[in-house]
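Here is how the chains run, residue by residue.
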Amino acid sequence: MTLLDAVLSLSEAPARDEALQRILRALARVTAADALSVLTAAEDGSVGVAAQIGLSPAALGMSFRPAEHPRLRRATQAAGPIRFLDPSEPDPYSGWLLGSHGEIHPIHACMAVPLHVQGRLAGLLTLDACDPHGLRGLHDDDARVFAGLCAGALRLDAGAGLLDARPEARRALGPASRGPAPASRSAAMQRIEREIAVLAPLSVPVLVTGETGVGKELVARALHERSPRASRALVIVNCAAIPAQLVESELFGHRRGAFTGATAARAGRFEAAHGGTIFLDEIGELPLSAQAQLLRALQEGEIQPVGEDRARRVDARVVAATNRDLRREVAEGRFRADLFHRLWVYPICVPPLRERREDIPALCERFAAELAAELGAGRVDFTEPALSALAQGAWPGNVRELKNAVERAVLRRTISEGKSAAGRAIVVRSEDVDAIDGDAPERSPAPRIELPGERLRLADALQGQPVEPLAEALERARREAFARAFRAAGGNAATAGRLLGLSRSFAYKEAVRLGLIPPAGPRKR
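Caption draft 1: Spatial organisation of the packing of helix α2 (residues 16–28) against helix α4 (residues 140–153). Relative orientation of the contacting elements α2 and α4 amounts to 170°, with a least axis distance of 9 Å. The orientation of α2 relative to α4 falls into the category roughly antiparallel. On the side of α2, the interface is formed by R16, A19, L20, I23, A26 and L27, while α4 contributes F146, L149, C150 and A153.

Here it is in structure tokens:
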């Protein structure tokens, strides 16, 4: 009856991950294994935990590089079930086993079976038993049967995750993504994953909305990587970083001599994305003049480089993102209504991190693992109080702020221990985590400044005065200096340049970049 239950999981489970979990439960009933897991293989060679029983909940979504783990390396290269008999080989799950307060005893039963889909390695089925004889009753042929069921479950794409540890789950056995990420456990993110699964194969534009730092670019990447365009370029454009006078040239290109400084013809970002996807981040920052061209590109599939008389055909799928309320922008005349409706085919709203706290533990583990790799540490673990403190944070900066806090905690623990992190385990404790108010959407307390014999809080040292980021302060001062010079010079670039101690051409170009004077129009022939 247990095997029948496992077989029925493939047809009755609503999604792949649920099917894997049911198969593992069925396998657990016929073995003495203390931990079972299914890891899925990514194109970059890593393997990530997709389903598990008997491991710490935070293990779900973690990824491993087989080259760094002898047992995983041998398992990925094996033709069938493999039992590990050498106690000198470290177990990758050491420290993750529920009920275990440290390393797994070197002498224990461990087994792995490679999972193949269409002749390619799709993952691994692993079993661990603290009793050295705990897996003796599981025959290799039985293990192959359960492995075959797991491999069949991997072909169910309905449950593939956007924030999945398995890039192949984003696009079955397709191109690799930028790297593994933890599984999405929250209902909101699972809904987004289902939306991506439906929208990715289409060419309709998609608008991604959400607060700063929630992961809108991850959504765009997932849409591209799971689409038929995945083999072509994904071109990312930060619309807020392009000077208003150069937006049209940057997006649609220009011909030589189209304006001062256009010494050669240049293709725009849309042409670079031909056949692929263009991601327009912060689209709410686009000036109205560029919005008209973008509308034409969306409706007609045509762009017109600056200075050219004829339009060019371009095939680029548009994914846009914004943290603004575009409905309000339309009402206040800052965003074209026709472009808004063209983009609003199917909006994806990414919720802030405070509304999906279930994802925080796995995100923490992932960020810590990434930093551990940079530090050369064996691994990074969190005590329960530390992980609980992180999970209770308001995180107004969302995933980006959480990542900074995790890295800060890991570095703080490493420095406090006063020895190199290379090759050893780091355990982050609650005192390493910034004090967090889970109710108020405020940022973590300001860092302390170390002075001889005393510690002063940065906020106290500044007596409550707000601090402007250096880049913004320099840019503001630069704009004011150029504005004063051009006012004094009556708009003459040569005179303004002399006042500033700069060449005429540099003064002119910088004034155009700062929006103080309009760029020169096309030259007349």
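Caption draft 2: Broad picture of the environment of E285. Looking at where E285 falls in the secondary structure, it is placed in the loop between β9 (277–281) and α10 (288–300). A relative accessible area of 35% means that E285 is categorised as partly exposed. Residues E285 and I242, 43 residues apart in the sequence, show an inter-C-alpha distance of 9.3 Å. Beyond its immediate stretch of four places on either side in the chain, E285 contacts C239, A240 and R324.

Caption draft 3: Highlighting the sheet that holds strand β4 (residues 82–83). Strand order across the open sheet formed by 6 strands is β3-β2-β1-β6-β5-β4, with antiparallel pairing between neighbours. Pairing within the sheet leaves two strands with one partner each, and these edge strands are β3 (63–64) and β4. Along the sheet, α4 contacts β1 (35–41), β4, β5 (109–117) and β6 (120–129); its crossing angle with β5, the most-contacted strand, is approximately 45°.

Caption draft 4: Fine view of the side chain of S249. Assignment of secondary structure puts S249 in helix α8 (residues 247–252). If we skip the residues at most four places from it in the chain, S249 touches H254, F259, R266, G268 and V306.

Caption draft 5: Fine view of unusual backbone geometry. Residue W395 is not a glycine yet carries a positive backbone phi of 50°. Assignment of secondary structure puts W395 in the loop between α14 (384–391) and α15 (398–417). Since its relative accessible area comes to 2%, W395 is described here as buried.

Caption draft 6: Representation of the confidence of the model for the protein chain. Per-residue pLDDT for the protein chain averages 79, and the proportion of residues at 70 or more is 81%. pLDDT under 50 marks residues 157–183. Its contacts with residues more than four places away, or in other chains, come to 101 contacts. Predicted confidence for residues 438–462 stays below pLDDT 50, and this span has 33 contacts to residues more than four positions away or in other chains.

Caption draft 7: Summary view of the nonpolar core. Ranked by internal contacts, the top residues of the largest apolar core, which has 30 residues, are L20, L115, L125 and L127. Secondary-structure elements contributing two or more residues to this core are α2, β1, β2 (47–53), β5, β6 and α4. For this core, the leading source of residues is α4, giving 7 residues. Discounting chain neighbours no more than four positions away, the residues touching L20 are V38, A50, A51, C150, A153 and L154. If you look at the next biggest cluster of nonpolar residues, it comprises 29 residues, including C239, F252, I303 and A316.

Caption draft 8: Structural context of the sheet that holds strand β7 (residues 206–209). One open sheet accounts for 5 strands, arranged β8-β9-β12-β7-β13; its pairing is parallel. Edge strands, defined here as strands with exactly one partner in the open sheet, are β8 (234–238) and β13 (348–349). Taken together, the 4 bridges between β9 and strand β12 (residues 317–322) define a ladder with parallel strand orientation. Looking at the pairing, T277 lines up with R317 of β12.

Caption draft 9: Quick look at the environment of R255. Looking at where R255 falls in the secondary structure, it is placed in the loop between α8 and α9 (269–272). Note on R255: relative accessible area 32%, which makes it partly exposed. R255 sits 12 residues away from A267 along the chain, and the two C-alpha atoms are 8.4 Å apart. Other than its neighbours up to four places away in sequence, R255 contacts A262, A265, V306, G307 and E308. A polar side-chain atom of R255 sits 2.9 Å from the main-chain carbonyl oxygen of G307.

Caption draft 10: Structural context of the packing of aromatic side chains. What the rule picks out here adds up to 2 aromatic pairs. Summarising the aromatic geometry, the rings of F252 and F270 are spaced 5.5 Å apart at their centres and angled 25° between planes, so their arrangement reads as stacked. Of this pair, F252 sits in helix α8 while F270 sits in helix α9, and the two are 18 residues apart along the sequence. With relative accessibility at 2%, the residue F270 sits in the buried group. If you follow R327 out to its NZ or CZ, it ends over the ring of W344, 4.9 Å from the centre. In this structure, R504 is placed above the aromatic ring of Y508, and the distance from its NZ or CZ to the ring centre is 5.7 Å.

Caption draft 11: Spatial organisation of the pairing of β12. Extensive coverage of β12 is indicated by the burial of 6 of its 6 residues. Where β7 meets β12, 4 bridges bridge the pair, whose relative direction is parallel. Its bridge partner being in β12, V206 is matched across the sheet by V319.

Cut-off values and rules
- Residues numbered from 1 in each chain as written.
- Predicted model: local features only at pLDDT ≥ 70, side-chain atom pairs only at ≥ 80, totals over all residues.
- Heavy atoms only, no water.
- Axes fitted to C-alpha atoms, helices over the stretch in contact; angles between N-to-C directions.
- Helix = DSSP H or I, 4+ residues; strand = E, 2+ residues; numbered from the N terminus.
- Parallel < 35°, antiparallel > 145°, perpendicular 65-115°, else oblique.
- Contact = heavy atoms within 4.5 Å.
- Buried < 20%, exposed > 50% of the residue type's maximum accessible area, 1.4 Å probe, protein only.
- Pairing = 2+ DSSP bridges.
- pLDDT = per-residue confidence, 0-100.
- Core = buried A, V, L, I, M, F, W, Y, C linked by side-chain atoms within 4.5 Å.
- Polar contact = N/O pair within 3.5 Å; in protein donor to acceptor, adjacent residues only side chain to side chain.
- Phe/Tyr/Trp six-rings, centres within 6.5 Å; stacked < 30°, edge-to-face > 60°.
- Lys NZ or Arg CZ within 6 Å of the ring centre and 35° of its normal.

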